[in-house]
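Structural overview for review
The residues making up each chain are set out below.
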Amino acid sequence: MKNLTVGLGERSYPIVIGSGILPDLGESLRAVAFPRKVAIVTNETVAGLYGATVLDSLHRAGFQAAILKVGDGEEFKSLDTLNSLFDALITQGYDRSSGILALGGGVIGDLAGFAAAIYLRGIPFAQVPTTLLSQVDSSVGGKTGVNHRLGKNLIGAFYQPRLVHIDVATLATLPPREFHAGLAEVVKYGVIRDADFFAWLENEHSALLAMDAEALVRAVGISCQIKADIVEIDEKEGGLRAILNFGHTLGHAAELLAGYGTLRHGEAVAMGMVAAAAVAEDLGLATARDRLCIEKLLQALHLPVRLPSFAPAAYLEALARDKKVKEGVLQMVLNRGIGDCEVRAIAHPDRVIPPILEKYSEKASA
């Protein structure tokens, strides 16, 4: 069991991490004085697996709780789904003294968090992430939102939860592809911030793949601590927090071009990290050995490392709409070796990106 804190003054909140702790959720919510009337936002799959456990835990702790189901998949992270959720909240009498609990993966967390941020101008919410990707990334830090047909996460708000309650035992019910996709974000933390953690992942990746509880708690705990440390310094991505987007620039473009749901987010991030490391190599920030180490670890974790073979012009068009573009200039996170990184302005992506696609796309590997 690990207990961390995201220190944001009056908006600070705990992250509770353990194995087999989902039945303790009600007590965790009581400890943060969470509202007694709770809407549990989840999908059909997660509700079938964990809905009864969560409801029982909340009821035992004195909460009034009900499950609100939304569609399962990235395509449901939309304004249409958000409106259907508001319909349910309004008709079922949820008011400003109520709270929302996100039970599921990143789609559920982002959607439910955004709903909480703007429903009645803001009501409390808590994160109970059940996928590895959401446990180590999206549940921590307060980024909420939905997708637009022209780009990922373009509509949203920074809105911090009251609690993040992580039970790594829920990972046992993930499809292997989903679990492996989550490991990409774990690797990201080692590359950008902690060379020792990266080395530990190289040595212990077999334990992670075997879902060893101790290894999982450690990996999730270190990942969450790194993210919490960054969020405490830069909550709203004015500077340092942007480094958490390592691998996401070309990764998000690949997701958009492939069609949301075709690639898992972590798979896209894995591809994007290798491409970013190649850009860093070309600019002299990292070596070929650094890139190969990243590639080798991702492949050992059963992750793809080559971007889909779309035309360079299509990638450039998608990158132009990336939310990290500032005053028309693309900002890209590039690794400095292993364990450090920087945000670099790419003034001429039309010169930088096509050569990378030529070398690090599926076409190049064929």
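Just above, that's the structure.
Residues numbered from 1 in each chain as written. Predicted model: local features only at pLDDT ≥ 70, side-chain atom pairs only at ≥ 80, totals over all residues. Heavy atoms only, no water.

Scanning the protein chain from terminus to terminus reveals 14 helices and 11 strands. Since a compact globule built from 366 residues should have a radius of gyration of about 21 Å, the 20 Å found for the protein chain is in line with a globular shape. Taken along its principal axes, the extent of the C-alpha atoms in the protein chain is 60 × 40 × 40 Å. Counted over contacts in the protein chain with a minimum sequence separation of 6, partners at least 24 positions apart contribute 77%. When the accessible surface of the protein chain is summed, it comes to about 14300 Å², and 51% of that surface belongs to carbon and sulfur atoms. With 35 positive and 41 negative side-chain charges, the protein chain shows a spacing of 3 Å between the two charge centroids. (Helix = DSSP H or I, 4+ residues; strand = E, 2+ residues; numbered from the N terminus. Rg over C-alpha atoms; globule rule 2.2 N^0.38 Å. Contact = heavy atoms within 4.5 Å. Areas by Shrake-Rupley, 256 points an atom, 1.4 Å probe, with all protein chains shown as cover. Lys, Arg positive; Asp, Glu negative; His and termini not counted. Charge placed at Lys NZ, Arg CZ, Asp CG, Glu CD.)

Another aspect to go through is the pairing of strand 7 (residues 143–148). Judged from the five bridges that link them, strand 7 and strand 8 (residues 151–158) form a sheet pairing that is antiparallel. Across the sheet, the residue bridging to G145 is G156, located in strand 8. The turn joining strand 7 and strand 8, which pair antiparallel and follow one another in sequence, is formed by two residues. (Pairing = 2+ DSSP bridges.)

By volume, the second largest pocket amounts to about 180 Å³. Forming the walls of the second largest pocket are E10, R11, S12, I123, P124, F125, Y159, Q160, P161 and R162. Residues of the lining of the second largest pocket, tallied by class, amount to five nonpolar, two polar and three charged. (1 Å grid on protein atoms, 1.4 Å probe; cavity = no way out; pocket = protein on both sides within 12 Å on 5 of 7 lines; lining within 4 Å. Points joined across faces, edges and corners; volume = space filled by probe spheres on them. Nonpolar A, V, L, I, M, F, W, Y, C, P; charged D, E, K, R; others polar.)

We now examine the side chain of R241. With respect to the helices and strands, R241 occurs in the loop between helix 8 (213–233) and helix 9 (248–258). Within the buried core, R241 has no salt-bridge partner, and the shortest N-O distance to an opposite charge, that of E237, equals 4.7 Å. Not counting residues up to four positions away in its chain, the partners in contact with R241 are V140, G141, G142, K143, F158, K227, I230, V231, D234 and E235. (Buried < 20%, exposed > 50% of the residue type's maximum accessible area, 1.4 Å probe, protein only. Salt bridge = Lys/Arg side-chain N within 4 Å of Asp/Glu carboxyl O.)

Applying the stated criterion to the full structure yields four aromatic pairs. Taking 5.9 Å as the distance between ring centres and 15 degrees as the angle between the ring planes, the aromatic pair formed by F86 and Y119 counts as stacked. Of this pair, F86 sits in helix 3 (residues 79–91) while Y119 sits in the loop between helix 4 (106–118) and strand 6 (125–129), and the two are 33 residues apart along the sequence. A relative accessible area of 14% places F86 in the buried class. Exposure remark for Y119: the relative accessible area of 6% places this residue in the buried category. Ring geometry for F197 against W200: centres 6.0 Å apart, planes inclined by 15 degrees, an arrangement best described as stacked. (Phe/Tyr/Trp six-rings, centres within 6.5 Å; stacked < 30°, edge-to-face > 60°.)

Where empty space is left can be seen by rolling a probe of water-molecule size over the atoms. One pass over the full model with this rule turns up one cavity of 30 Å³ or more. Put simply, the largest cavity is a space of about 120 Å³. Together, 13 residues line the largest cavity, and K152, H252, A318, R321 and D322 are the ones closest to its centre. Counting only elements with at least two residues in the lining of the largest cavity, the list comes to strand 8, helix 9 and helix 12 (312–320). Of the residues forming the lining of the largest cavity, the biggest block, four residues, is contributed by helix 9. For the lining of the largest cavity, the class distribution of residues is six nonpolar, three polar and four charged.

Turning to helix 13 (residues 349–360), a few remarks are in order. Along its 12 residues, helix 13 runs 16 Å from first to last C-alpha, staying within 8% of the 16 Å computed at 1.5 Å per residue. Within the span of helix 13, buried status applies to P349, I353, I356, L357 and Y360. Looking straight down helix 13, one finds that the buried residues subtend no more than 100 degrees of arc, so they occupy a single side. Pointing more than 90 degrees away from the buried face of helix 13 are the exposed residues R351 and E358. (Expected span 1.5 Å × (residues − 1). Arc of directions from axis to C-beta.)

For the rest of this paragraph, the subject is the environment of L82. Tracing the backbone through its elements, the reader meets L82 in helix 3. Sequence spacing of L82 and L111 is 29 residues, and the spatial spacing of their C-alpha atoms is 6.9 Å. Setting aside residues no more than four positions away along its own chain, L82 makes contact with L111, F114, A115 and I118.

This brings us to the nonpolar core. In terms of nonpolar packing, the biggest core is built from 81 residues, with I15, V187 and L298 touching the most fellow members. Counting residues per element, this core draws most heavily on helix 10 (residues 265–282), which supplies 12 residues. Ignoring sequence-local partners within four residues, the contact set of V187 consists of F198, L201, M273, L297, L298 and L301. L68, L85, F114 and V146 belong to the second-largest nonpolar core, a separate cluster that totals 22 residues. (Core = buried A, V, L, I, M, F, W, Y, C linked by side-chain atoms within 4.5 Å.)

No statement about biological role is implied by the geometric values presented.
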